[in-house]
Each structure stands twice: as C-alpha cells, then as structure tokens.
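Observations on the three-dimensional arrangement
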Number of protein chains: 2
Amino acid sequence: MANASGGTKPKVCVIGLGSMGMGMASSLLRTGFPVAGCDVDAARVEALKGQGATGDISPGAAARGAEILITVVVNAAQTEDVLFGAAGCLNELAADACVISCATMSPEAARAMSERVEATGRRYLDAPISGGSKRAASGELTVLASGSAAAFEASRLVLSAIAAKVYELGDAAGLAASFKMVNQLLAGVHIAAACEAMAFAAKQGLDLAKVYEVITAAAGNSWMFENRVPHILAGDYSPQSAVSIFVKDLSILMDMGRSGSFPLPIAGAALQMFLMAAGAGMARDDDASVARVYERLTGIALPKPT
Amino acid sequence: MANASGGTKPKVCVIGLGSMGMGMASSLLRTGFPVAGCDVDAARVEALKGQGATGDISPGAAARGAEILITVVVNAAQTEDVLFGAAGCLNELAADACVISCATMSPEAARAMSERVEATGRRYLDAPISGGSKRAASGELTVLASGSAAAFEASRLVLSAIAAKVYELGDAAGLAASFKMVNQLLAGVHIAAACEAMAFAAKQGLDLAKVYEVITAAAGNSWMFENRVPHILAGDYSPQSAVSIFVKDLSILMDMGRSGSFPLPIAGAALQMFLMAAGAGMARDDDASVARVYERLTGIALPKPT
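Residues numbered from 1 in each chain as written. Chains lettered and ligands numbered in written order. Predicted model: local features only at pLDDT ≥ 70, side-chain atom pairs only at ≥ 80, totals over all residues. Heavy atoms only, no water.

1. Topic: the interface of chain B and chain A
Each partner contributes residues to the interface: chain B has 58 residues there, and chain A has 58 residues. Here chain B and chain A share an interface that buries about 4,900 Å² over both sides, 78% of which is from carbon and sulfur atoms. For the chain B face of the interface with chain A, the top three residues by lost area are Phe200, Phe262 and Ile266 of chain B, together amounting to 15%. Taken together, chain B and chain A are joined by zero salt bridges. Counting across the chain B and chain A interface gives ten residue pairs in polar contact (both at pLDDT 80 or more). Listing elements by their share of the side of chain B that touches chain A, those giving two or more residues are strand 9 (163–168), helix 9 (175–203), helix 10 (208–216), helix 11 (223–234), helix 12 (243–259), helix 13 (265–282) and helix 14 (290–298) of chain B. (Contact = heavy atoms within 4.5 Å. Buried area = accessible area lost by both parts, 1.4 Å probe. Salt bridge = Lys/Arg side-chain N within 4 Å of Asp/Glu carboxyl O. Polar contact = N/O pair within 3.5 Å; in protein donor to acceptor, adjacent residues only side chain to side chain. Helix = DSSP H or I, 4+ residues; strand = E, 2+ residues; numbered from the N terminus.)

2. Quick word on the sheet that holds strand 4 (residues 68–71) of chain A
All names here are of chain A. Across the sheet, six strands lie side by side as 3-2-1-4-5-6; this open sheet has parallel pairing. Single-partner strands in this sheet number two, and they are strand 3 (54–56) and strand 6 (123–126). Taking each pair of neighbouring strands and ignoring which way they run, the sheet shows an average axis angle of 20°. Inspection of the sheet shows strand 2 (residues 35–38) paired to strand 3 by three bridges, in the parallel sense. (Pairing = 2+ DSSP bridges. Axes fitted to C-alpha atoms, helices over the stretch in contact; angles between N-to-C directions.)

3. Observations concerning the environment of Met254 of chain B
Residues and elements named next belong to chain B. One can find Met254 in helix 12. Note: C-alpha distance between Met254 and Leu90 (164 residues apart in sequence) is 30 Å. What Met254 contacts, discounting residues up to four positions off in sequence, is Leu264, Ala267, Gly268 and Leu271.

4. Re the sheet that holds strand 7 (residues 129–130) of chain A
All names here are of chain A. An order of 7-8-9 is seen for the three strands of this open sheet, with the pairing classed as mixed. The sheet is open, and its two borders are formed by strand 7 and strand 9 (163–168), each paired with just one other strand. Here strand 8 (residues 141–145) pairs with strand 9 via five bridges, running parallel. Note that in strand 9 the partner of Leu144 across the bridge is Tyr167. Lying over the sheet, helix 9 (residues 175–203) contacts strand 7 and strand 8, oriented at roughly 130° with respect to strand 8.

5. Here we look at unusual backbone geometry
Even without being a glycine, Ser261 of chain A presents a positive backbone phi close to 50°. Along the polypeptide, Ser261 of chain A turns up in the loop between helix 12 (243–259) and helix 13 (265–282).

6. Observations regarding the nonpolar core
One broad trend across soluble globular proteins is that nonpolar side chains are buried collectively. In terms of nonpolar packing, the biggest core is built from 119 residues, with Phe274 of chain A together with Phe274 of chain B touching the most fellow members. Those residues in contact with Phe274 of chain B, other than ones at most four positions away along the chain, are Gly188, Ile191, Ala192, Val243, Phe246, Val247, Leu250, Asp287 and Val290 of chain B. (Core = buried A, V, L, I, M, F, W, Y, C linked by side-chain atoms within 4.5 Å. Buried < 20%, exposed > 50% of the residue type's maximum accessible area, 1.4 Å probe, protein only.)

7. Things to note about the packing of helix 10 (residues 208–216) of chain A against helix 11 (residues 223–234) of chain A
In a pair of packed helices, the angle between the axes and the distance between the axes together describe the arrangement. Residues and elements named next belong to chain A. Relative orientation of the contacting elements helix 10 and helix 11 amounts to 175°, with a least axis distance of 11 Å. Between helix 10 and helix 11, the interaxial angle falls into the category roughly antiparallel. Here Leu208, Ala209, Tyr212, Ile215 and Thr216 of helix 10 come into contact with helix 11, specifically with Phe225, Glu226, Val229, Pro230 and Leu233. For the contact of helix 10 with helix 11, the residue count by class is eight nonpolar, one polar and one charged. (Parallel < 35°, antiparallel > 145°, perpendicular 65-115°, else oblique. Nonpolar A, V, L, I, M, F, W, Y, C, P; charged D, E, K, R; others polar.)

8. Points about the relation of the copies chain B and chain A
When chain B is fitted to chain A, the best match, at an RMSD of 0.0 Å, comes from turning it 180° and sliding it 0.0 Å along the axis. Here the two chains are linked by the operation of a two-fold rotation axis. Across chain B, the smallest distance between a C-alpha and the rotation axis is recorded for Ser222 of chain B, namely 1.9 Å. An overlap of 100% is found between the interface residues of chain B and their copies at the interface of chain A, pointing to a shared contact surface. (Least-squares fit on C-alpha atoms with pLDDT ≥ 70 in both.)

9. Let's talk about helix 2 (residues 19–30) of chain B
All names here are of chain B. Spanning twelve residues, helix 2 covers 16 Å between terminal C-alpha atoms, matching the ideal 16 Å at 1.5 Å per step. Counting buried residues in helix 2 gives ten out of twelve residues, a clear majority hidden from the surface. Downstream of helix 2 by a residue or two, Gly32 has a phi angle that is positive, lying close to 95°. (Expected span 1.5 Å × (residues − 1).)

10. A look at the packing of aromatic side chains
All names here are of chain A. Counting across every chain of the model gives eight aromatic pairs over all chains. On the numbers, 5.4 Å between centres and 20° between planes, the contact of Phe246 with Phe274 is stacked. Of this pair, Phe246 sits in helix 12 while Phe274 sits in helix 13; the two residues are 28 residues apart in sequence, bridging distant segments of the chain. The exposure class assigned to Phe246 is buried, which follows from its relative accessible area of 3%. Taking the relative accessible area as the measure of exposure, Phe274 reaches 0% and is therefore buried. (Phe/Tyr/Trp six-rings, centres within 6.5 Å; stacked < 30°, edge-to-face > 60°.)

11. Things to note about the pairing of strand 5 (residues 98–101) of chain A
All names here are of chain A. Side chains Cys98 and Ile100 project from strand 5 onto one buried face, and the interleaved Val99 and Ser101 project onto a second face that is buried too. As paired elements, strand 4 and strand 5 share four bridges and run parallel to each other. By the bridge assignment, Leu69 is partnered in strand 5 with Val99. Of the crossover connections in this fold, the one passing from strand 4 over helix 5 (residues 76–84) to the parallel strand 5 is right-handed. In terms of strand pairing, strand 5 meets strand 6 through four bridges, oriented parallel. Along strand 6, the bridge assignment pairs Ile100 with Leu125. A crossover connection joins strand 5 to the parallel strand 6 through helix 6 (residues 107–118); in handedness this β-α-β unit is right-handed. (Right-handed = clockwise from strand over helix to strand, strands pointing away.)

12. A short note on the pairing of strand 2 (residues 35–38) of chain B
Residue and element names in this part refer to chain B. Covered by surrounding structure in strand 2 are Val35 and Gly37 together with Ala36 and Cys38, the residues of both alternating faces. Relative to strand 2, strand 1 (residues 12–15) is paired through four bridges, and the arrangement is parallel. The partner of Cys13 across the bridge, within strand 2, is Ala36. Handedness of the crossover joining strand 1 and strand 2 through helix 2: right-handed. As for the winding sense of the linkage, the β-α-β connection from strand 2 through helix 3 (residues 42–49) to strand 3 (residues 54–56) is right-handed.

Here it is in structure tokens:
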C-alpha cells in the first residue's frame, strides 16, 4: 500500500467536522494527504472543501475508496451509525482500510466495534484523543491508542500528521478507551472542583485573579484549574468544551462503575454538578459553567464579561 | 529593634517541632537566627538543641524574650492554647513581638486570634504554609500571609529564611486563611480523585505505571496526582502527609460552608473518602491511603511494597 512504501500518502476520510475533526482534517491537508470530509452539517463540509478537500454529508459517499477512516463523532452510537448504519461507510472503504476511532466510549463498546470492523478484513485502532481544538488545528493532539500491530502500522503516517504524542497502550481495542476514561474521571472532577473552589473564593470575598495566581503556583493546582479558571475570570462561557461533553463522559464512567460494581463517589459528585449546569440550561455552554451553578444558587457574584 | 537595622537577627521561638516546624527551625538556625524550640515531645526539643538551639517543652519557658514567635501546631485550638493557655507564652514574648501563625484554621479563628494578640500591643501575621516537609527543611516553603504592615515588617527577615515565596494577601488576618482553605479544598479533592482514578484503573486491569505516565502528560493531571500517585505505585503509605490532616482541613471547610449556607458537594464527597480511610484505621497513614479504601472494599489489587 501507499503508506507502506513511505511514498504517496493514503486517502483519508474524516467523519465528524466539529472543532476536533475539522482541525485534524486541516492538519492532514496541510501535510499533503488527500482528504475527504463528512459532517451532518453541509456548511462544515463546504468549509473543508474550501481548504482543498473533497466531501459529502453522507459517510458512505465521502468515504468511498478511503484507506484510512477517522471517526471523530460524539459517542459509540454515532460511531456505530457512521460505520454500520443505513448510510454507513464501512463497506465503501478499501478492502484493507484502517478505522481510527476517536470518540470517547467504553472499553466494551470499543472492543465490540473493533470485532465488527475486523470481521470484514479491515483494521481498527482504538484511538481517543486529548488536547483541545487548538492542538487539533496545529496537528499536536495527544492520541491514546491501542490495537493490532497491523492497525498501528496502517495508521502511523496519519497519526504523525495529527498528533504531537501517540501513546501505544496495548495490542487490543479497549485499552486506550480505558486510559481515556481514567483521564476523563480526573478531568471532570478537576473542572468541578475548580468551579467549586472559585465560587467558594468569591463567597469569601477574595480577589479571584489573586486566587488564580496563588493556586496555580501551589499544591492545589491542576491542568484543568489552570486551563478553565480563566474562563470564569473573564466571565466568558462560550463553549471551548461544553458541559454536555462531561455529562456524557462521566455517564459512561458511571455505567462502567455500575456494571463492575465499582463505586466512584468523587466522579459521581462531579457528574451531578455537570447535570445541574445542564439542567439550568447551560448544556451547550463552556464546562466552566459549573461555577455559575453555585452563583445562581447562592447569589455570589462571579466576574461579568467586560 | 534588631531586625529594623538589618543587623543582628531577632530571637525566634518555634512552637511545634513536627516535620514542618522542625524544618523551619533548622532553616532559621542555618541562616544565623537565635532559635528556641518547643514541642510536647521532649525528644524533638533535644533534637533541635543538638543543632544549636535552646528549647523547652513548655511554650512559656521556650518563648521567654522572643521577638518572633512561630506557631506550627495542628489547628486553631492548639494555637490558642500555646498563646493563651495555662502554659501559654504570649506574655513571655517581647512587648512588641510578632506572632507568625502557620496552623491551618478558619478565617474567623484567625481574625479572633489576631485581635487577642494585638490587644496586648503585639503583632500577628496570619501565615499558613504550603510545600511539604522537604521544602520546610530547605527553607523553601510557600507562605500565604496577611496582616498589618507592622506585622509584615517585623516578619520579613524570618520569612525570607523559611520561604521561597511569600504571597502578601492583604492587610488583615483571615485573608491568608481564606486562600489556604481554597487551596485545601482543591488539594483534598485532587488527592481523593487521584486515588479513585488509580483504583478504577486497577479495576480495569491497566498498567498503573503507564497510567501515571499518560495522565501526568495529559489534561487529567494535578499537582497532587503527580505527587501522591508514586506512593500508590510503590505501595508505600508511610505518612508524608497523613489522612488526618485532610479530615481536619476539609472539616474546617465544611464548617465554613455550613455557617455561610454555601454548598460544597465535591469537597464534601472528598471528606467522606478521607473519613472512610480514617475509619478503616488509616488516619495516621499517608493520605494516598484513600486508594486502599477502594482496594479494601472491592478487592482490586494495588501494588505492594517491594
């Protein structure tokens, strides 16, 4: 195949042109891959075409003949629909194509997806991503990946175009999904804790910018505190990552906990805070909106946009 | 006074020679301060004397004539006892001495303590510390400080001997205590979350050293995850910071929440995990012992000491 020789680049189809998928598709175009894009929103497909891609709103039409398929949709159900649904594309791919599946899903779902794809003779890389939309656009994502040696080999060129760091986490689908869920547990809790701490600081009448300065240099710091609290300080809840993402990811985690009889009380408390934000109409707002739940309930004053 | 001229150094008394106070006293001796130490444990007093200090098991006897008193005890009640109790030392201090109070306590307790000290003509610096025993020993603590200009001026030489960084957080006692409580909220939640995440990772059968490698480079990282998870990986729960510390600090936080009608559900969930660890007999073990609560309950296997 093209990528085995290191010569011409394989044809790649990216399905799901949200902030992550669009950035990944752009990174691939920039590094010389032939790219087809697909999204339910025709305007996004057109935007990618403007960068030199082909594309279609139907996965089957977009993916025809692709050697690499990257699915960057919301969850396992959408991934399944893209691959196996009525307008699904799996059978349109090259006979030995590789599916790089980036949606966050349970390890069980990833294993099931992999089995169905591999039953057609194709490869499957369980490949959840991390890093946010800016790093997607610059080709500097972190990819947590697991799958067969053949899946890694087929994906190597594409991964190096979209990622600054690829963790190889084992030879079976599901392992990368498990690592991603551990990360999401921590990330979700840390966002909720950052919001609770800043709301509590406001209740105490503290200078919130000073709190940010002190905490980011202290033992209370987290990656999420450092990244999300500036949204609170700016009073800017336009979604860089929406509340609904953590409702979804922590719900997958809770399902895993229940099915394995494994208690997750801290993550469970965090999920309730994201649900409060969603219930208050903030599901599509930035996940730092959890701070506004405390504001709405208690009457503290958080910063307003300038 | 001596410190106003920048010449001879003021006589300092350090009360509470645990891992933090002993390190601070050693840093002061190393930088040429005359130091008196006090602890209920006579062996600790003797150990400090071996480094060139004077000392006594009675606060009043140890503090006689001191120009700076540093209290590094467990909580507000002990601080109060040291200052105002039957063997208390406030009236033994120089007439214009300054009390540097390092115990974590509520802002309300810090304000009350400051008022009582200042009513005697002495000064009071609300000065909770952060950084751990190693940085106490090397004179590189972080000090969160608030108080009058006179209290800051009196404390300056001593603070520069014990701290790498001093945050000046306002002109009244209680402000530094509030910042410290915000930090403890986050620190406590992050320890509990780190333990929950590592226990969950063990449940999923993941390589825990690999989880540490991936998470510390990912959005799920926190200062506490990075600092405490190595204890779990080594199976070493000898106390660097004990479970009981966070039971105490998060309980102060919960009291503040209750008295101000301010909900703190994430911190509340974390406190329950520290209480579970304490209830299981681990109160004096390292705070990463929260991971062993999940182990004991669910039968997952965490690393054993080698």
